[in-house]
Amino acid sequence: MERTLDADLGWLAGIIDGEGSINASIVSCGYARADGTTSQSVRVAVCIGNTSESMIGRVMSIASRIGVECNLHLEGNKGRLGTRPLWMVTFSGAKRSVALLEAVLPHLTAKRAQAELGIAASRHRGKIAKKNGLRVDNDTWLKCQLATLSTMNKRGVEATTL
């Protein structure tokens, strides 16, 4: 029986809710302006880690179906006997992370607020950068959203309490 894309996106949302993380950070671009300051941007990333190679394969397959590229990284067992390697799939950058989050947003529950903040922060930064190239550290709204997202990612903090 063939699975529908909607069912697969629901499954992926469940994996992100349970095994994934949604993060955003300020990154400096490598070049300096004439006044000596560097350009900044917001990097939104969705990461999913698990020891099940088949689960990670399904995550990548669904992402491919919706046209979203990802990076795969294998972490060793770090010298601990009896532990399996950890597979990490990362969707980073505005196009990848926002496309993935928009696709699974209707199905997300536990990480819905983080996804909405990540999408909003990425879009906001894109609009500001195109307008006047403001630095992220001068953008009060964006700094507040990133701080909220960071707080939500702490264990035991429910999005509904903020």
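Anyway, here's the lowdown on the structure attached to this text. (Residues numbered from 1 in each chain as written. Predicted model: local features only at pLDDT ≥ 70, side-chain atom pairs only at ≥ 80, totals over all residues. Heavy atoms only, no water.)

Assigned secondary structure in the protein consists of five helices and four strands. Seen in sequence order, the protein has helices and strands lined up from the N terminus as α-β-β-α-β-β-α-α-α. With 162 residues in all, the protein has 34% of them scored as buried. As displayed, the protein has an accessible area near 9,400 Å², and 53% of this comes from carbon and sulfur atoms. (Helix = DSSP H or I, 4+ residues; strand = E, 2+ residues; numbered from the N terminus. Buried < 20%, exposed > 50% of the residue type's maximum accessible area, 1.4 Å probe, protein only. Areas by Shrake-Rupley, 256 points an atom, 1.4 Å probe, with all protein chains shown as cover.)

One way to put it is that helix H1 (residues 5-19) packs onto helix H2 (residues 53-65) with a least axis distance of 10 Å and a crossing angle of 130°. Regarding the angle of H1 to H2, the classification is oblique. In terms of crossing hand, the pair formed by H1 and H2 is left-handed. Here Leu5, Asp8, Leu9, Trp11, Leu12 and Ile15 of H1 come into contact with H2, specifically with Met55, Arg58, Val59, Ile62 and Arg65. The residue inventory of the contact of H1 with H2, partitioned by class, reads eight nonpolar, no polar and three charged. (Axes fitted to C-alpha atoms, helices over the stretch in contact; angles between N-to-C directions. Parallel < 35°, antiparallel > 145°, perpendicular 65-115°, else oblique. Left-handed = near helix turned anticlockwise from the far one by under 90°. Contact = heavy atoms within 4.5 Å. Nonpolar A, V, L, I, M, F, W, Y, C, P; charged D, E, K, R; others polar.)

Before going further, it helps to examine the packing of aromatic side chains. Scanning the entire structure with this criterion turns up zero aromatic pairs. Against the face of Trp11 rests Arg58, its NZ or CZ located 4.1 Å from the ring centre. (Phe/Tyr/Trp six-rings, centres within 6.5 Å; stacked < 30°, edge-to-face > 60°. Lys NZ or Arg CZ within 6 Å of the ring centre and 35° of its normal.)

On to the pattern of salt bridges. As enumerated under the stated definition, the model contains five salt bridges in all. Salt-bridge contacts for Arg58 lead to Asp8; the nearest nitrogen and oxygen are separated by 3.0 Å. Note that Arg58 is positioned in helix H2 and Asp8 in helix H1, a separation of 50 residues in sequence. Of the residues examined, Asp8 reaches a relative accessible area of 2% and is grouped as buried. (Salt bridge = Lys/Arg side-chain N within 4 Å of Asp/Glu carboxyl O.)

This paragraph deals with the packing of H1 against helix H3 (residues 94-104). Their axes nearest at 9 Å, the elements H1 and H3 cross at an angle of 110°. Here H1 lies roughly perpendicular to H3, going by the angle between them. Across from Leu9, Leu12, Ala13 and Ile16 in H1, the residues of H3 making contact are Leu100, Ala103 and Val104.

Moving on, we get to H3. The set of residues buried in H3 consists of Ser97, Val98, Leu100, Leu101 and Val104. In an axial view of H3, the angular spread of the buried residues amounts to 160°, which keeps them on one side of the axis. (Arc of directions from axis to C-beta.)

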